[in-house]
Amino acid sequence: MAQILLADDDALIGEVIFHRLQERGHNVVVVDNGGHVVEQTLETKPEIIILDNLMPGLTGTEVLSELQKNAFTATIPVIMLTAQTGRNHMIEAYRAGASDYMTKPFDPEDLINRVAGVIGSNTLPDYEQSAV
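Student: What's the story with the packing of aromatic side chains in this structure? I'm lost.
Tutor: Centre-to-centre distance and the angle between the planes together describe a pair of aromatic rings. With the rule as written, the count across this model stands at 1 aromatic pair. With a centroid separation of 6.5 Å and an interplanar angle of 45 degrees, the aromatic rings of Tyr-94 and Tyr-101 are classed as tilted. Overall, Tyr-94 belongs to the partly exposed group, its relative accessible area being 37%.

The structure is reproduced here in structure tokens:
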């Protein structure tokens, strides 16, 4: 299905998302450092990026700014998935180039649905919903 880059430094969240996306047939590459996202984006050419904002290296907003500087990476949709709540954080992410914004704790199936919407998949989840 889709090539997805997941950037989150929380190992549990990364594992949950990784497995849920793989169950749907997606290829998922996981990085736990914001500084590695741009490099991995150029290497793996993902169709979508799921990006935490609070990571070592670069923040998600800084990563978005770097992605916007490259014509190839600027067009890749990015879903921000962060513990940062509040309107100002959301506005900052959208201004930096985010396609969507979700806050933690989150429903993994909501994330899966948003990913499916972005990549144009009509596959709806059939798993029970649970918050992470």
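Moving on from the model shown.
Student: So what exactly am I meant to see when it comes to the pattern of salt bridges here?
Tutor: Side chains that differ in sign of charge can pair as their charged atoms come close. Here the structure, examined in full by the defined rule, presents 7 salt bridges. For Lys-104, the salt bridge goes to Asp-8, with nearest N and O atoms at 2.7 Å. Residue Lys-104 is located in the loop between strand 5 (100–103) and helix 6 (108–119), and its partner Asp-8 is located in the loop between strand 1 (3–7) and helix 1 (11–23); the two are separated by 96 residues in the primary sequence. For Lys-104, a relative accessible area of 15% gives the class buried. The exposure class assigned to Asp-8 is buried, which follows from its relative accessible area of 3%. Note that Asp-52 is salt-bridged to Lys-104, the shortest N-O span being 3.4 Å. One end of the pair, Asp-52, is in the loop between strand 3 (48–51) and helix 3 (60–68); the other, Lys-104, is in the loop between strand 5 and helix 6, and 52 residues separate them in sequence. In this structure, a network of salt bridges that share partners links the residues Asp-8, Asp-52 and Lys-104.

Conventions and cut-offs
- Residues numbered from 1 in each chain as written.
- Predicted model: local features only at pLDDT ≥ 70, side-chain atom pairs only at ≥ 80, totals over all residues.
- Heavy atoms only, no water.
- Phe/Tyr/Trp six-rings, centres within 6.5 Å; stacked < 30°, edge-to-face > 60°.
- Buried < 20%, exposed > 50% of the residue type's maximum accessible area, 1.4 Å probe, protein only.
- Salt bridge = Lys/Arg side-chain N within 4 Å of Asp/Glu carboxyl O.
- Helix = DSSP H or I, 4+ residues; strand = E, 2+ residues; numbered from the N terminus.

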